[in-house]
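# Examining the three-dimensional arrangement
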Amino acid sequence: DSKDKVFLQVLIYDESIRDLYENTGKKYSDFQKSKLKDSTPVYDKLIFIPYKSIGDFELNCSLSDVIRKYNISNNVIPKVKNIIEINNFVLRFDNEKLTEVTIFNDKKVELAIYYNEMDITSKKGFAELLSQNDVIERTKSKYLFKELGLVVDKDLSEFRFFEQSLLKFWANLHRPITSW
């Protein structure tokens, strides 16, 4: 009420967006990054260990551990297969265990993925990876690196890191990708 100089409205907001309202110089786009990205130690540089981890995502860790670690609201209905999509990451869970991490390497968020000290998201690093490993063309647009547990789109737009149990599905060239 302006006459009585009484404030008639209260704004309640989450602590994670406090800076947005207190105007400390950050841009709104800074707040669109989920806790997932903030919690990945250096989310613009991820280290890949075949069949084990990508960044700090450990393959075979539980769905509940991932939800707790990244403060992802538990809106995933438990079933045999669960998918969580956050920013450029898609996490696939089979029987409540993380079995695949897909990273979309778009132009807005540049991610460098390192394997044996080479950036496999760069054309040079990817060419080196191709020359050092046996590769199967999974489709006309994908390369499968069986020894690494890795599938990469030829245009480097998508990287899939998978757990050992999915290798038989990726290696079966006659089985559609969407059938498992």
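Residues numbered from 1 in each chain as written. Predicted model: local features only at pLDDT ≥ 70, side-chain atom pairs only at ≥ 80, totals over all residues. Heavy atoms only, no water.

### Some remarks on the environment of Y143
Cut-off, in case you're wondering: Going along the chain from the N terminus, every DSSP run of H or I of four or more residues is numbered as a helix, and every run of E of two or more is numbered as a strand. A 1.4 Å probe rolled over the protein chains alone gives each residue an accessible area, and that area as a share of the maximum for its type sets the label: buried under 20%, exposed over 50%, partly exposed in between. Contacts are residue-level and defined by heavy atoms, with any inter-residue pair within 4.5 Å sufficient.
Mapped onto the secondary structure, Y143 falls in strand β10 (residues 142–145). Using a relative accessible area of 19% as the deciding quantity, one classes Y143 as buried. For the pair Y143 and D153, spaced ten residues apart in sequence, the C-alpha to C-alpha distance is 6.4 Å. Apart from residues no more than four positions distant in its own chain, Y143 is found in contact with F126, L130, V135, I136, E137, L150, V151, V152 and K154.

### A short note on the nonpolar core
Test applied: The definition of a nonpolar core used throughout is a set of buried Ala, Val, Leu, Ile, Met, Phe, Trp, Tyr and Cys residues joined through side-chain atoms within 4.5 Å.
Ranked by size, the top nonpolar core spans 33 residues in total, and within it I54, V101, I103, L129 and L150 carry the most contacts. Every residue in contact with L129, bar those within four places of it in the chain, is listed here: Y115, M118, I120, F145, L148 and L150. In terms of nonpolar packing, the next biggest core, distinct from the first, is built from eight residues, Y51, V151, L166 and L167 among them.

### So, unusual backbone geometry
With phi around 80°, N60 is a residue other than glycine that occupies positive phi space. Position of N60 relative to the elements: it lies in the loop between β3 (57–58) and α4 (63–69). A positive phi angle, near 50°, is found at N116, a position not held by glycine.

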